[in-house]
Each structure stands twice: as structure tokens, then as C-alpha cells.
Amino acid sequence: MATRSWADWDHLASRYNTVKPRRLLALDGGGIRGLLTLQVLNSLEAQLRARHGGDPNFRLCDFFDFIGGTSTGAIIAAGLARGMSVTELLTFYRDFGKEAFTKRAWYERWKSLYANGPLQQKLEATFGLGTTLEPKYLKSLLLVVTRNATTDSAWPISSNPWAKYNLTSRSDCNLKIPLWQLVRASTAAPVFFPPEVINLDTKRPDKEFVFVDGGTTSYNNPAFLMYRMATEPAYWLRWTSGEGQMLIVSVGTGSAPELGQTGDSPERNAAGAALQTLNALMNQAAFDQDLSCRTIGRCVAGPELDREVGDVIPRDETDHVLPLSSGLNRSFLYARYDAILTKDGLKALQCADLDPACVSKLDSIDFMDDLERVGKAVGALVDVDAFGPLLGTAAV
């Protein structure tokens, strides 16, 4: 049997070797719409900083014990777990969008719309060539969701050194994967970017895999996945669940439903159909994770999911929100922040003048300012008082 000790956690051991309430931050995929996420996080970081002494060096990794993301959310999650501020990540994204979403020459677009070179170089420069998933390089636990196209399976890879495939005794230890490369694998959206090939053991050809965007799995919103990884004994974190023991904050990149085929025109061209399918998959997966969190956990903030279930925030018979003091024995507190990128959704955020078609695309680099504006509007809805007893003190 493999041995596990707190020495495996390096400098993080003192933070994680006690039983105490835990906070998780889950970040959706969505291409350049990550700018929307970042503006929400900007509001969250500012409020939490003010509540924890106003230290200008405060970072979200000081509050959240486990930060995870898919695709563009993986870029942000990795940056936060490394100790970057939201302001630093906003600068990264403003540059990243212009560099990464530069189309290939027309005769190369049969492969993918964009080359991976600019994105790879940006990730290498930001995270460092020698930085891996090992705890010594991080300031909090990290999860990156990608999809192994070789085995046709979702691969949620965390930095938990006790996880089965993270044990350093393994020749194919996941912790040895360069952080930039793992994030690049999570962002390899079909049609947009080429896949990423990772060799987990250079001595074994069968350990070379092709990875594509984590958004093509069921975990474009990784919130409920993170809850399972935090509490299920098989993952070896074994954190305590409960309304007073766990908080999950989930941030989207904007839900962008797109009207599809009609009976009069049931078919689309291959490229258009592929893009619509990817967008639909991301939206539906995010919805499922969100609804699971709202029903298993106790929702304290979030937009309406649909007309049938509403926002699933617990209310009494007079439709007043139940106070947290009325314990419902749910598994965690849950807050969801997202935008609905439709005409009505934008109007509700005082952004009625924006075109939904322009801000909903994964590669909307010509509308980055508009995306930030929408993000600021969602960020204005953030109120950390909703976290109740989990607001507490900074985790570190």
C-alpha cells in the first residue's frame, strides 16, 4: 500500500493538516469570455480583502482552499493558485486575447482556426517552463479539467499529492506535468485550437496521450465535481461537508444559448454545426452541475436557472428567503454568479445596448470591453455577506 504523509504537501502542510471549514472556487470554461469571470472575481477579491484587514497583498488563494477551472477557467484557476491577483490576470487576458485568437492562414484552417504557438508562449511565460503541479509551486489546491481524447475520458487532475495518480512513487505521476502544458491541454477547444500531447512517462509509449478542451466533458462548470473530489474518500482529501463546513463559489463566463435549426432548415454546414454543438454542450453541462449544487447544497446566491425551478434559493411559504440560521442540513453553502447573454439577460444587467451575438462567442476579441462591462454588472451583484459563517477569516 502506498504511504502518504504530510511531508508530501511541502509548505502547504500546515494549511491542510487540520480539520476546519473549507472554501472552494469553481470557474467555468468559455474562451475569451473569461474576461467576464475576471470582473466578477475582481469584485469578490475586493470585498474579501476589505473584510480581511485590507492588506493589498491579499489574494483569493488566501481565502479559497481549493481553486478549480475548466478551459479558460483553468487558466484563471492556475493563476490564482499560483498567487496572482485578479488585476494581474486581467492584464494577462487583455494581451492573451489579441495574441491567442489570431487566425491561421486560410489554407491551414482545415486543422483549427487558431495556432497554438501564441497561446503556448503566453502560458509558458506566465507560469514558467519549470513549474509543475507539485504543491511547492502553488499557494492553494488546484484542479484543472481536461479530456483525454486517447482514452475518451474526462481527466480532472488536481494538485492533491495524496490522489492515486499523484503519488510521487509513480513513474507517470501527474504532479510532474508542466503547469503551462496542463492548462494548455484544458484549453484545446476543438475547431479553435489544436490538441495537446502529453507524455506522462517517456519510457512508456502507452503513457503518451492526446488531450482536448475540458469543456467537451460534463465538467465545463466543475463545481459539483470539486465537491465530490473534496469529500469522497477515494480522492483522499476527505473534507467535512455541511452548511457550516463548506462553501462553494461558482463563477460562469456567461450562458449563451443559441437558436439552432428549424423545421424549415434542419441542416447546417459542418463548421457551423460543430461550433453550435460545442456551445450547447458547455451550456448544458454547466446547467447540470449548477442544478446539482443548488439541490445538494444550499444556494445563497444565483440567477434563475429556468422558469420551472427558479433560482432554488430556499424560501418560506411567503416567498421570503430563509435565514442561514434555519439550518436545512444541506452539504454546503453555494453561490453562483453568471450572466445570461441574451437580449433580456443583458437588459437585466443594464447592458441592453450590447449585441448578444457579439459577446457570446468564445473568440469575441473585438468585444472584450463589452465582456468586461457585463462582468462588472454581475460583479455588482456579489455580496460576501451571503457566505454567512464561511466568510470567517482568511484561510492562511
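Here the structure is shown first, and the text comes after it.
Residues numbered from 1 in each chain as written. Predicted model: local features only at pLDDT ≥ 70, side-chain atom pairs only at ≥ 80, totals over all residues. Heavy atoms only, no water.

**Q** Can you walk me through the overall build of the protein chain in this structure?
**A** Each helix and strand in the protein chain was counted, giving 12 helices and 9 strands. Across the 396 residues in the protein chain, those meeting the buried criterion constitute 54%. Intrachain contacts of the protein chain at a sequence separation of at least 6 include 72% that bridge at least 24 residues. Carbon and sulfur atoms make up 51% of the accessible area of the protein chain, which totals about 17,200 Å². (Helix = DSSP H or I, 4+ residues; strand = E, 2+ residues; numbered from the N terminus. Buried < 20%, exposed > 50% of the residue type's maximum accessible area, 1.4 Å probe, protein only. Contact = heavy atoms within 4.5 Å. Areas by Shrake-Rupley, 256 points an atom, 1.4 Å probe, with all protein chains shown as cover.)

**Q** Help me out: how do you make sense of unusual backbone geometry in this one?
**A** A negative phi angle characterises most non-glycine residues, just as the trans form characterises most peptide bonds. Despite not being glycine, Asp319 shows a phi value in the positive range, around 70 degrees. Tracing the chain through its elements places Asp319 in the loop between strand E8 (298–301) and strand E9 (333–337). Using a relative accessible area of 56% as the deciding quantity, one classes Asp319 as exposed. The phi dihedral of Asn329 falls on the positive side, at around 60 degrees, and the residue is not glycine. Of the residues examined, Asn329 reaches a relative accessible area of 77% and is grouped as exposed.

**Q** Where do I start with the side chain of Ser43 in this structure?
**A** Tracing the backbone shows Ser43 in helix H2 (residues 34–51). Ignoring anything within four residues of it in the chain, the contact list for Ser43 reads Gly379 and Val382.

**Q** What's the story with helix H4 (residues 72–81) in this structure? I'm lost.
**A** Each α-helix winds once per 3.6 residues, and so residues spaced three or four apart point in a common direction. The buried fraction of H4 amounts to 10 of the 10 residues, a majority that puts the element mostly inside the structure. Within two residues after H4, Gly83 carries a phi angle of roughly 105 degrees, on the positive side.

**Q** Mind showing me how you'd approach the nonpolar core here?
**A** One broad trend across soluble globular proteins is that nonpolar side chains are buried collectively. Of all hydrophobic cores here, the largest spans 78 residues; its most connected members are Leu25, Leu41, Leu44, Leu80, Val249 and Phe387. Sequence-distant contacts of Phe387, that is, excluding residues within four places in its chain, are made with Leu44, Phe63, Leu247, Val249, Leu324, Leu333, Ala335 and Tyr337. Counting residues in each nonpolar core, the second largest holds 28 residues, with Ala13, Leu24, Ala223 and Leu237 among its members. (Core = buried A, V, L, I, M, F, W, Y, C linked by side-chain atoms within 4.5 Å.)

**Q** How should I be thinking about the pairing of strand E3 (residues 141–148) in this particular structure?
**A** One face of the sheet, then the other: side chains in a regular strand alternate in exactly this way. Counted residue by residue, E3 has 7 buried out of 8 residues, so it is predominantly covered. Bridge count between strand E2 (residues 66–70) and E3: 5 bridges; the pairing is parallel. Of the residues in E3, the one forming a bridge with Phe66 is Leu141. Where E3 hands over to strand E4 (residues 153–158), the hairpin turn is made up of 4 residues, of which Asp152 adopts a positive phi near 55 degrees. Direction of pairing for E3 relative to strand E6 (residues 208–213): antiparallel, over a ladder of 3 bridges. Among the inter-strand pairings, Arg147 is bridged to a residue of E6, identified as Val212. (Pairing = 2+ DSSP bridges.)

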